[in-house]
Structure formats: C-alpha cells, structure tokens
Amino acid sequence: MDEANTQPGPLNADVAVIGGGVIGLGIAWEARRSGRSVALIDPAPASGATFAAAGMLAPVSELHYQEEDLLELMLESSALWPDFERNVTGSSTGRSTGYRTTPTLAVGADAADRRALADLRDVQLANGLVVESVPLREAREREPLLSPQISCAFDIPGDHQVDPRRLSAAILGALADHQPGDSSWIAGAGGGFAVQDTAAGLLWEDGRVVGVLLDSGIEVFATETVVANGLDAPRLKGLPDGLSLPLRPVYGDILRLRVPEHLQPLVTATVRGMVRGVPVYIVPRDDGTVVIGATQREDGLSASGGAANPVSAGGVYQLLRDAQVLVPAVAELELLEATARARPGTPDNAPLLGRVKGDENVQGSEGTVRGLVVASGFFRHGVLLTPAAAKICVGLMDGTVDPRWNRFRPDRFSRPLSAAKASTGGPSADTSNPLPKDHA
C-alpha cells in the first residue's frame, strides 16, 4: 500500500469510515460497491479485536439467554454471508477469506454439560433454530480425534466460519482494486482510499457532520461519516451533545496452534464444547493451524485500557486444559501465538448501530443528525454481523430505514440532544470546524 497521505490534505470523499476493524472494513467495502468513494481512517487496520477473532459465524450457538433480540439480526447477517464473501473475493484467485460452511459440532464433556447443552437446545428449538442430536459413534466418525469420553454431541448446520485475518486482507485488497482517475479514487489517500491516521473528532457545518479531523490536523471532508472505531468511539471530539456511547472493554484470550502433519486434520469443522460448565471452541484453519478460545474477562490487566491486553496465564491454562478434554491430541500441537484483545461491549450486549436522533436544529430525515452513522459495540458478534452492519449503514446513506433495527439505535442510552448547543452548528466550539465554502 502507498503511504497513507501523499498530500497534506484536505481530502474529499463521499464516505469517511472511522475504524478499520472488520465492521469498518465491511462498511467501507459495501459503500464502495454502492458507487461511493470511501476514505478508510485507521492507523493500523485489522490490528485490534479483528486480529484476534476466531471468526465463528454462529447465530445458533451464540444465542444467549436474555439476548434473544439479537437473534433476528444474527440470522439476517448469516444469510448475507455467502454473497458478501463472493463479492469480496470476486474473480481474484489471490483473495481468500477462509470461509467454510461446514456445520459446527457442539459437544459436552460430562453429564452436567450434557444437561446444559440440552437446555440450550430447548431454547434454540423454541426460537425456530435447527440443532440435531448426533449419536456419539457418528460424532467420532466425523471427528476421529474427539475424546471417547464425551457425553453428547449436537449438529448445528447453520453455524459456519471465516478467517478474520484473511477476510480483512481480502477486503483491503478489494478496496485497493481501482486506479487514479476512477470515481472511487481519493487524491491524497494511500491506494486512493487508506488514511493511516487517527481520527481526533468530527467536523460540523450548519448542524450536520461533514467529515473528520485527524490527529495530524488533516481534514477529511465527506457527505457521510461512519463512526466504527470500537472502544475509541466515545473518545472522539465533536460527538453530538447528549450522545452516550457506553462501551466497555471485554477481553478474550485466544490461542493459535500448528497441527503436526500426522495429526492433520485435527478437526474438520468447528467444535464448540462445554467442559465442566465452561465453554471452549476449536476452529480449524486452511493453513493447518487451529484456533482455541472462549475466555471472557473484564479484569483490567491492562492499565491503559487499550485494545491490546496482556494475555492471562490462567486463561491460557484453562483453554489448553479444556480443549484437551474434548480433543486429547491438542497436547501434541505447537503453540504459535497467545493473543488478547478487547471487544467493545454495551450494557445490553447489543450493537450501537444507526443514525443518532437530533433536535429540530440538526435533524435530517427521520429526525436524525445528518451526515453521521454509528456502528460500534458489536462485542462477540463483530465478524458475524459485518454483512448486516454494512447493508444497514449503506441503506441509511441511501435513505432507507429498516424499522426492525431501531432497537439497536446508538442513541438508546442517551439523553435528548441539547437544542441550545446544537444550534451553534456543532457540539462545542473547540471541535466544530465549519466546512470551507469551496468544499460545500
């Protein structure tokens, strides 16, 4: 990729996407496919939670108690995945996402785990999902390295997987697949789209968001600005007054291991297990490695509270111990990597997705702030929900509002926007930067 900014700016785009995680990348790609020029603002795309993600596309397995409102969105996004993946890879043989539609196998270690998985299956069936009991002999025929001591097995045909690192590289490659002079090319941006800088705040003019001010002082002017930078979203200057984005870091340890040739494939499909009441998963990759994960903690090991975090020794021990209970051959694998990243969680564990309600001084269509879309707080479901988030955001840019997703409005935790402050043309004098007339 070229240097991020080949000119000192300002830059001009149809859409500015703040954040180059999988959600921001997906939105940028769909916006590009809609015919818009897109500036992707991130100093190191796909290096946060996306870098560590296992990539399970699991609307069935990820149905959690008291989170049933998310199910419709997860199923919607799961159905979008095949077309989304085909559009990303296109006709290029050099772009691969590691997308697999092999059914997931859920297994339990003991009698208590069997009861817990059976109870969860009852909830899943009650919600119209497909989960089928598999005889233990058949489960071990499918996955010969499973422990003979497992207590139960369930087939989940609707749960698939993708490799987030390959997916991110494929989307970045697709975004770079244009030339100077194309309508999508942004002069001054690396590869005509990449702005490898940090967003400092939003730019406002006449009560609408008109772009992004970067840490370097460069301005990126855009008709639509998408805030998709995860835990950093609340730190942006110039957010609408009264808008609360209550995001918290939820850390997860994840391991990557190489499978020796004589053990390949360790598993042919994702294995999600329950071991003494604790979840664990083993996800195979096309390169002969596996990913093991499932820890979830809010212990604050990182003093900075940033996206990266020290790996928990207890988490690594727990993952290896529990994975070996299900697949004893895990003990023979080579440990390549132990990673921890923070995922952005919300009070109800549902995303902040959509436009922000404004008062009469700033509102556009549907009574919302013009030029601003928020897409953050995807917690465990970022990879799965990428196609749906991208479709919803681009739909909003086109003026389409799907009332089904109003429950995820990013302003649902906010107080009403202050009319007094909004009438000044921006949320505060130090961050409001009116658009120059020649950019109007």
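Going by the structure above, here's the rest.
Asks: What is the right way to read empty space enclosed by the protein from this model?
Replies: Summary: where empty space remains is shown by rolling a probe the size of a single water molecule over the atoms. Applying the stated rule across the entire model yields two cavities of 30 Å³ or more. Looking at the largest cavity, its volume works out to about 40 Å³. Contributing to the lining of the largest cavity are Gly 98, Gln 161, Asp 163, Arg 166, Pro 284, Arg 285 and Asp 286.

Asks: Explain the pairing of strand β18 (residues 372-376) here, please?
Replies: Moving residue by residue along a regular strand, the side chains alternate between the two faces of the sheet. The element β18 is extensively covered by neighbouring structure, given that five of its five residues are classed as buried. Residues Leu 372, Val 374 and Ser 376 point to one face of β18 and Val 373 and Ala 375 to the other, with burial holding for every one of them. As paired elements, strand β11 (residues 219-227) and β18 share three bridges and run parallel to each other. Bridge pairing in β18 places Thr 225 opposite Leu 372. With three bridges connecting them, strand β17 (residues 352-354) and β18 associate as antiparallel partners. Across the sheet, Gly 354 pairs through a bridge with Val 374, a residue of β18.

Asks: I would appreciate a short explanation of the packing of aromatic side chains in the present structure.
Replies: Enumeration over the complete set of coordinates arrives at three aromatic pairs. Between Trp 81 and Phe 84, the ring centres sit 5.3 Å apart and the planes meet at 80°, which makes this aromatic pair edge-to-face. Of this pair, Trp 81 and Phe 84 both sit in helix α3 (residues 71-89), three residues apart, roughly one helical turn. Centre to centre, the rings of Trp 81 and Tyr 99 are 5.8 Å apart; their planes meet at 20°, and the pair counts as stacked.

Asks: I keep staring at helix α8 (residues 382-397) and nothing clicks. Help me out?
Replies: In an α-helix, one turn spans 3.6 residues, which is why side chains three or four residues apart end up on the same side. For α8, built from 16 residues, the straight-helix expectation of 22 Å at 1.5 Å per residue is met to within 8% by its first-to-last C-alpha distance of 21 Å. Of all the bends in α8, the greatest, near 35°, is centred on Ala 388. Of all the 16 residues making up α8, 15 are buried; the element is thus mostly covered by neighbouring parts of the structure. Looking one or two places after α8, you find Gly 399, whose phi comes out positive at around 90°.

Asks: What should I look at first to understand the nonpolar core in this one?
Replies: Formed by 62 residues in total, the largest nonpolar core has its most connected members in Ile 27, Trp 81, Val 226 and Ala 375. The element contributing the most residues to this core is α8, with 11 residues. Ignoring anything within four residues of it in the chain, the contact list for Trp 81 reads Leu 57, Tyr 99, Val 162, Leu 167, Val 383, Leu 384 and Pro 387.

Asks: Would you mind showing me how to read unusual backbone geometry here?
Replies: Backbone phi values are negative for most residues with the exception of glycine, while trans is the configuration of most peptide bonds. Look at the link from Gln 264 to Pro 265: it is a cis peptide, with omega at -10°. Here Pro 265 is to be found in the loop between β12 (248-258) and β13 (271-275). Positive phi outside glycine occurs at Asp 206, with the angle close to 55°. Secondary-structure assignment places Asp 206 in the loop between β9 (199-205) and β10 (208-214).

Reading guide: rules and limits
- Residues numbered from 1 in each chain as written.
- Predicted model: local features only at pLDDT ≥ 70, side-chain atom pairs only at ≥ 80, totals over all residues.
- Heavy atoms only, no water.
- 1 Å grid on protein atoms, 1.4 Å probe; cavity = no way out; pocket = protein on both sides within 12 Å on 5 of 7 lines; lining within 4 Å.
- Points joined across faces, edges and corners; volume = space filled by probe spheres on them.
- Buried < 20%, exposed > 50% of the residue type's maximum accessible area, 1.4 Å probe, protein only.
- Helix = DSSP H or I, 4+ residues; strand = E, 2+ residues; numbered from the N terminus.
- Pairing = 2+ DSSP bridges.
- Phe/Tyr/Trp six-rings, centres within 6.5 Å; stacked < 30°, edge-to-face > 60°.
- Expected span 1.5 Å × (residues − 1).
- Bend = angle between axes of the 7 residues up to and from the residue.
- Core = buried A, V, L, I, M, F, W, Y, C linked by side-chain atoms within 4.5 Å.
- Contact = heavy atoms within 4.5 Å.

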